[in-house]
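Close look at the chain arrangement
Chain by chain, the residues run as shown.
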Amino acid sequence: MELTKITLYLTFMIALTSFSMQNKHLMLALMCMETMMILLFTMLVIFTSSSLTMSQIPMPIILLTISVCGAAVGLSLVVAITRTRGNDFLKNLNLL
């Protein structure tokens with residue numbers, strides 16, 4: 001079990017590092033964020049099942065629901081930006 005937790009922590013740190021270094025495509029940045037959300041969901045499920053408290057049972061479902069809503073909004077933004085600009089490069093977006 002400890003090896004699983006260490007692997008999940010290490011994978012989360014790698015995903016966080018790749019997200020912070022991603023500066024070319026918006027779609028790749030969103031994919032890194034979704035990877036982090038899936039890893040958080042997995043860690044939350046493992047910790048909830050090991051603690052056996054009934055008050056924490058709905059938390060993984062709430063996190064999964066919020067991450068799916070975020071993915072839908074992110075994908076719609078990628079589609080809208082690609083239609084208006086022609087590509088999803090982050091350097092071409094005027095975010096300020």
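We now turn to the structure provided with this report. (Residues numbered from 1 in each chain as written. Predicted model: local features only at pLDDT ≥ 70, side-chain atom pairs only at ≥ 80, totals over all residues. Heavy atoms only, no water.)

Side note on the overall build of the chain
Stated precisely, the cut-off is as follows: Put simply, DSSP H or I for four residues or longer makes a helix, DSSP E for two residues or longer makes a strand, and each gets a number counted from the N terminus. Exposure categories follow from relative accessible area, calculated using a 1.4 Å probe and restricted to protein chains: below 20% of the type maximum is buried, above 50% is exposed, and the middle band is partly exposed. In what follows, residue pairs with any heavy atoms lying within 4.5 Å of each other are defined as contacts. Shrake-Rupley sampling with a 1.4 Å probe provides the accessible areas, and residues are treated as covered by the protein chains on show and by no other component.
Along its length, the chain carries three helices and zero strands. Starting at the N terminus and ending at the C terminus, the chain contains elements arranged as α-α-α. In terms of overall dimensions, the chain has a C-alpha envelope of 50 × 25 × 20 Å along the principal axes. When the 96 residues of the chain are sorted by exposure, 21% land in the buried category. Restricting to contacts in the chain with at least 6 residues of sequence separation, those with at least 24 account for 58%. Per element, the accessible surface of the chain, about 7,000 Å² overall, is 74% carbon and sulfur.

Quick notes on the nonpolar core
Basically, it comes down to this: Only buried residues count toward a nonpolar core, which is a set of Ala, Val, Leu, Ile, Met, Phe, Trp, Tyr and Cys residues joined through side-chain atoms within 4.5 Å.
If you look at the biggest cluster of nonpolar residues, it comprises seven residues: Leu8, Phe12, Ala15, Met36, Leu39, Met43 and Ile46. When contributions to this core are tallied by element, the ones reaching two or more residues are helix H1 (2-21) and helix H2 (26-51). Ranked by the residues each element gives to this core, the list is headed by H2, at four residues. Those residues in contact with Met36 that sit more than four places away from it in its chain are Phe12, Ala15, Leu16 and Phe19.

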